[in-house]
Amino acid sequence: MTLARTQDPTALFPPKTQRQDAGAGHAPGNKTTHYHALWLSDIHLGCKDCKAEFLLQLLAQTQAKHIYLVGDIIDFWALKRRIYWPESHNQVLQRLLQLASDGTRILYVPGNHDELLKPYADLKLWDIALAREYIHLTSSGKQLLMVHGDQFDSQVCVGRFYARLGDHLYDLLLFLNRKLHQVRGPLGYPYWSLASYIKLRVGKAQEAIRRYRQAVVDYARRQGVDGVICGHIHQPELSLQQELIYANDGDWIENCTLLAETNQGELQLLRWDEAIGTTRIVSAVTLAAPCAAPHDHKSMPTQATSTQEEVA
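Let me sum up the structure you'll find in this document. Sequence order as written defines the numbering, with residues in each chain counted from 1. A pLDDT threshold of at least 70 governs which residues receive local features in this predicted model, and a stricter bar of 80 or more applies before side-chain atom pairs are shown or counted, although totals over entire chains, interfaces and linings include all residues. Note: side-chain values were computed over all heavy atoms of the structure, leaving out hydrogens and water.

**Some points on the layout of surface pockets**
Note the following rule: Cavities and pockets were defined on a 1 Å grid built from protein atoms only: a cavity is a group of points that admits a 1.4 Å probe but offers it no way out, a pocket is an open group of points flanked by protein on both sides within 12 Å along at least five of seven lines, and a lining residue is one with an atom within 4 Å of any such point. Grid points are joined across faces, edges and corners, and a volume is the space filled by probe spheres set on the points. Nonpolar residues are Ala, Val, Leu, Ile, Met, Phe, Trp, Tyr, Cys and Pro. Charged residues are Asp, Glu, Lys and Arg, and all others, Gly as well, are polar.
Taken as a whole, the second largest pocket holds about 730 Å³ of empty space. Around the second largest pocket, the lining comprises 27 residues; the ones closest to its centre are Trp 192, Pro 236, Asn 255, Arg 271 and Val 282. Split into classes, the residues belonging to the lining of the second largest pocket amount to 13 nonpolar, five polar and nine charged.

**Side note on the pairing of strand β7 (residues 134–137)**
What counts, and what does not: Note: two strands are recorded as paired if DSSP finds a minimum of 2 bridges between them. Helix numbers and strand numbers start at the N terminus; a helix is a DSSP run of H or I with at least 4 residues, a strand a run of E with at least 2.
Bridge count for β7 against strand β8 (residues 143–146) is four bridges, and the pairing is antiparallel. Counted as the bridge partner of Ile 135 is Leu 145 from β8. Where β7 folds back on β8, the antiparallel hairpin that results is connected by five residues, among which Gly 141 adopts a positive phi of roughly 95°.

**So, a nonpolar patch on the surface**
Where we set the bar: Patch rule: a residue counts if its relative accessible area is over 30% and it has no salt bridge; like charges are joined within 9 Å, and nonpolar side chains (Val, Leu, Ile, Met, Phe, Trp, Tyr) within 5 Å. Surface accessibility follows the Shrake-Rupley procedure with a 1.4 Å probe radius. Residue values consider only the protein chains on display as shielding. In the sections that follow, a salt bridge refers to a side-chain nitrogen of Lys or Arg positioned within 4 Å of a carboxyl oxygen of Asp or Glu. Categorising residues by exposure relies on relative accessible area from a 1.4 Å probe, with only protein chains included: less than 20% of the type maximum marks a residue as buried, more than 50% marks it as exposed, and the intermediate range marks it as partly exposed.
Where nonpolar side chains cluster on the molecular surface, the patch consists of Leu 172, Phe 175 and Leu 176 and spans about 250 Å² of accessible area. Here Leu 176 lies in helix α5 (residues 160–184). Judged by its relative accessible area of 35%, Leu 176 falls in the partly exposed class.

Next up, the structure:
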């Protein structure tokens, strides 16, 4: 398979003769955090568990040269079962289309829940390019392969019984998540994921996560890249695996996380914090060679760091 690379971005992103103001859509006086690239996956628009309101706040306070949508952005599986498309979901989609129209380079790697878009890989739809896989070249020259990750399911499955049981239990946990948030919200408590809390304490789930990570890393190593960015399993992580960067940007169902490359050359795993209305850095790795082990910033909001450029 031939992978598209950002060394020749004009192939997928021809220069525009006219562009609107890149800050269009931001409220006057709001601070904007600038990044070289952002990675979002597993948003699941069309699913009642999607945290679209949080994502809208994020998109309103950030700008990036590149935005990569790493699969399961629109949940066609959920929409097939039941039509659910509130205004907040429509606003997320419209915001992404507006950013693409304004000049942000947006590339969409379809996953399994939006696999209906896979036949359109290597095309552009409404200024958004599609690809089955893609290699992003960082500002420091690192090559980061992007895959959604559903192609590794056969290597991860821990048995048909556990796979089916896991699906049903996950749906139950998301239902309990919604009910818990309905109780916590009016009491002033921020969003907290019961599903993530339990998943991290189930042995079979941890084994599946380990197998998935290894399958993704092995594939990236065969491609000869410096790192891999994926989604699919709703388990955010930024780590070094035998000197290869493994980055899973998580989801907007349970974790509300994303990955970002700063203009200063750092790859960050970010988590939306409802209490402060912005993201916090979970961990980060410097992309200059050789890569150092990721370091934690668990209590640091992005707007307070020196690694972002802010403008009024």
